[in-house]
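# Report on the structure
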Amino acid sequence: MLRHWFRQPRTSTLAALLLALCPALAFAAGPQATPSIFAPASTPAAEIRSLSYFVLEITGTIFVVVGGLLAYVVVRFRARDTDDNREPAQIYGSTQVELAWTVIPVLIVVVLFLTTARMIFAIQEAPKPQSALSVTVVGHQFWWEYRYPDLGIVAANELHVPLSSTQDPKPTFMKLLSADVDHSYWVPQLSGKIDLIPNHPNELWIDPLQPGLYLGQCAQFCGVQHANMLLRVYVDTPEKFAAWVQNQQQPGVQDPAVAQGRRTFETQACMNCHAVRGTAATGRFGPDLTHLMSRDTIASGAVPNTSDNLRQWIKNPDSLKPGSLMPAMHLSDTQLDQITAYLETLK
Amino acid sequence: MADRTLPIHGALDLTPPREHESTLLETLHSWVVTVDHKKLGLMYMMMAIFFLLVGGVEAICIRIQLAVPNNHFLSPQVFNRFFTMHGTTMVFLTGIPLIFGFANYMVPLQVGARDMAFPRMNAFSFWVTLFGGLLLYYSFLGGSGLYGMGNAPDVTWWAYAPLTARAFSPGHATDYWALALIVTGIGTLGAAINVIATVLCMRCKGMTLMRMPLFTWLMLVDSGLLLVTITPLTAAQVMLVIDRYLGGHFFDTQAGGSAMVWMHFFWIFGHPEVYVLVFPAFAIASEVIPVFSRKAIFGYPAMVAASVGIAFVSLGVWAHHMFTVGMASVSNTFFVLSTMLVGIPTGIKIFNWLATMWGGKIRFQVPMLFCTAFLFQFLAAGLTGIMLSVAPWDWQLHNSYFVIAHFHYILVGAIVFNTFAGIYYWFPKATGRMMNQTLGKWHFWLFLIGFHVTFDTMHFVGFEGMPRWIYTYPADRGWGQLNLVVSIGGIIQGIAVLIFAYNLISSLFVGKVAGNDPWDAWTLEWSTSSPPPDYNFATDPVVRSRRPLWDLKHPEDPDWKYEA
């Protein structure tokens, strides 16, 4: 019977009541601007939601029963003006009653525990299928590095994964590492969160069932710009994903028209931290810029990737993301224009 | 109702009338050098209320910043300091002094003693605790934090490694944090030892352990729990300081240290700490609810057993704060079970309080209003706690605003509410004057409304995927409206607390004279004068039951006939 509870997602009256209080928590299969935990688009998130409905039903029932008792007691046994001044009957306890309200909670705990234990193993010990895509996620202050070991791709801040489906499962298995302090990977519509801890590799899997852009962010405090360590997961259709992979596997575009910009990039400190494949720039502290222009945002999702923002970001990162670890290089306007022009060719 | 008081034989106030009014300087001096448990208790309370206001101001600033998306009221650096200081202040400089404020004042009176077991150590503990608090706040002037831009600690009150390493937290802000907690920890240990010694050795004739008021029982268990839990915290802080200044590598992940070790040390302190903080709330409820329901506490032995049970189980649940750090499935499963088990003794307590009210004649005066709200909020907080104990769901809820809502339901909805109940209840004993009941009701209703507007809403912000510790959020996330509601509730609570502060101060001077026993209560503290003389009881009281004053007031139907 317990199996039944999470075999099929149930819409319970209690959860519906809860959702009615909060319009943004709609049931949606696709990606949402508000990353609600009740709008799952991937198996782990959906299983957690069905488990949460089950728990809500039990705790909701307890709340109504005990809260109702409290309300009854408050109304029924309040002192009234018409009262005589005698003390009420003194009752010191009752073993039977005590036993009853000990045993019943024990039974409830047994049910909740078994259900939870089953779900822990189902999600945490899920076998990795042959078809799964492997991604290594490295948390940095304050951005995300994505490495695809089987595809030879290094990307940053915007994760692209293929669409999965029940007929043709294509889950993504992530290995999560940290380059500096603790971070936490949380895209609520896709799965629960897991921390990125130095010297302690973790794993997480998702199998997104609807294409689109899923939002999330770092969920473990990691320093000044913890708030702008945003997560963007692009779930691509197979064709789109193949095209993306094909592009990412190319080295950086070498456009002679921006040779001056590239020279400035390589003679200033930029290349100490950033890499552009196929050039002398091989830095690892900052995001790989080989395909910078394939991303919608810069600064880990903080601002859109526009020409103006890019120039402003190079000029003074603190103006867009105060406390970011990228230093302002005090470049001249000409140098800024040149570098911006160069970066804009890195499709 | 003063005329109904029946002082225990020999408990009359024999203090000779004062010969002259003492000057301000003399009064101040008498407070600084005092070893009297009542004065120290009041000083603990004043410290707690002072830091409650400071931490409250920090909270209001945080809420103003988060009221709308992309706000610029606080810079990220200041925001991070404020939530770190808010958490640290409320736990260590408000929550813990509250325990010892109540325990210091009430435990000797309730067990019929003339003072704590170690009066000088009592004074030492208080001053060390206060000094620790001042040390922490001195960091605003003396430390320089991340990136040389600031001062106070900004690593959250969990201070997870390796963010606290010198590589990531240069300057001295983190040192102030670690040292301040070591220092207040020493004060806490001293005070806890004192309470335990007092309860075990100083009880008056006839007061067996099973005749102690539940308040005293809970303070005993609480102090025992503190002895066990402060130790790993202090050890961890010492290791952190060694890491930072003596080249240790306990938590230095760059040199093979372990970030996980800090988490285990912190949470084996941190989770029992939650129970440590909530026990005074239980203690106050266990006094106020029977007196205002006019009934003996229901199931006294079960209440004692449940308290001890909670304390034991709470030592085995710490890693439920670590469901997302990537423990093995078996470890996660173990901590799910242990956490859910806490729900059983907690449930027993709620049911016993309800049964105490059942069949009573409940007087809804201000202390009882706060306790009734406590029962409701504690029930809800317990149930959200069950939700969080479900590890897979916790993978979603952990570090979201749902968790913030859950633990503020405990910390504010239970602890602060019952602290107010306790203050309204014992203020007449400590000062001889009643607090204004009309202002008290204004305070209660505004605080209740503000509390629910803030923290009920916060659960939903968490469901919508908003994590904690973020100084701002993008407008398109749709979190703006709910956050605005949360912030408005915060301001309503702030106004209510101001009414309370006004009531507290004005009642000191113009409150109605209380008499010895204004609530017609049953424990020993109400048998002596208000405020009690320095020596509490002129001759040692003798008790025959859990409610000595009931026995005196109802000689025809005394408790000792029925107690096993």
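Residues numbered from 1 in each chain as written. Chains lettered and ligands numbered in written order. Predicted model: local features only at pLDDT ≥ 70, side-chain atom pairs only at ≥ 80, totals over all residues.

## What about the overall build of chain A?
- Counting its secondary structure elements, chain A contains ten helices and twelve strands.
- Relative to a compact globule of 347 residues, whose C-alpha radius of gyration would be 20 Å, chain A shows 27 Å and is clearly more extended.
- Along the three orthogonal principal directions, the C-alpha set of chain A runs to about 95 × 50 × 35 Å.
- For chain A, the residues scored as buried account for 44% of the 347 residues in total.
- Looking at chain A alone, contacts between residues at least 24 apart form 66% of all its contacts between residues at least 6 apart. (Helix = DSSP H or I, 4+ residues; strand = E, 2+ residues; numbered from the N terminus. Rg over C-alpha atoms; globule rule 2.2 N^0.38 Å. Buried ≥ 20, exposed ≤ 12 C-beta atoms within 10 Å, placed from the backbone. Contact = placed C-beta atoms within 7 Å.)

## Quick look at the interface of chain B and chain A
- With 77 residues of chain B in contact, the opposing surface of chain A contributes 78 residues.
- Put simply, the parts of the chain that give the side of chain B that touches chain A at least two residues each are helix H3 (76–110), helix H7 (259–293), helix H8 (300–314), helix H9 (329–357), helix H10 (366–389), helix H11 (391–397) and helix H13 (437–463) of chain B.
- Element by element, the count of residues in the side of chain B that touches chain A is highest for H9(B), at 16 residues.
- Here the residues of the side of chain B that touches chain A are counted per class, giving 47 nonpolar, 23 polar and seven charged. (Nonpolar A, V, L, I, M, F, W, Y, C, P; charged D, E, K, R; others polar.)

## Topic: the pairing of strand S5 (residues 172–178) of chain A
Residue and element names in this part refer to chain A.
- Burial along S5 is one-sided: the residues Thr-172, Met-174, Leu-176 and Ser-178 are buried and none of Phe-173, Lys-175 and Leu-177 is.
- Taken together, the seven bridges between strand S1 (residues 133–140) and S5 define a ladder with parallel strand orientation. Bridging across to S5, Thr-136 finds its partner in Lys-175.
- Looking at chain direction, S5 and strand S8 (residues 202–206) are connected through five bridges and run antiparallel. Paired with Met-174 across the two strands is Leu-204, which belongs to S8. (Pairing = 2+ DSSP bridges.)

## Quick look at the nonpolar core
- Formed by 271 residues in total, the largest nonpolar core has its most connected members in Val288(B), Phe370(B), Phe374(B) and Ala421(B).
- In terms of residue count, the dominant contributor to this core is H7(B) (22 residues).
- Shared between two domains, this core takes at least three residues from each, and those domains are domain 1 (133–236) and domain 2 (256–343) of chain A.
- Apart from residues no more than four positions distant in its own chain, Phe370(B) is found in contact with Phe417(B), Asn418(B), Phe420(B), Ala421(B) and Phe444(B). (Core = buried A, V, L, I, M, F, W, Y, C linked by C-beta atoms within 7 Å. Domains from an automatic or database assignment.)

## Points about the environment of Thr539(B)
- As for its position among the elements, Thr539(B) is in the loop between helix H14 (480–510) and helix H15 (548–553).
- Distance from Thr539(B) to Gly56(B), taken between C-alpha atoms, is 43 Å for residues 483 residues apart in sequence.

## A few points about the sheet that holds S1(A)
Residue and element names in this part refer to chain A.
- Read from one edge to the other, the open sheet built from five strands follows the order S3-S2-S1-S5-S8, with strand pairing classed as mixed. Either end of the sheet is taken by a strand with one partner, and the two such strands are strand S3 (153–156) and S8. Neighbour-to-neighbour, the strand axes of this sheet turn through a mean angle of 25°, independent of strand direction. (Axes fitted to C-alpha atoms, helices over the stretch in contact; angles between N-to-C directions.)

## Some points on the pairing of strand S10 (residues 230–236) of chain A
Residues and elements named next belong to chain A.
- In terms of burial, S10 is largely enclosed, as five of its seven residues are buried.
- Strand direction decides the pairing type here: strand S4 (residues 158–162) and S10, joined by five bridges, are parallel. For Glu-158, the partnering residue across the bridge sits in S10 and is Arg-232.
- Pairing geometry for strand S9 (residues 212–217) and S10, over six bridges, is antiparallel. Looking across to S10, one finds that Tyr-214 is bridged to Val-233.

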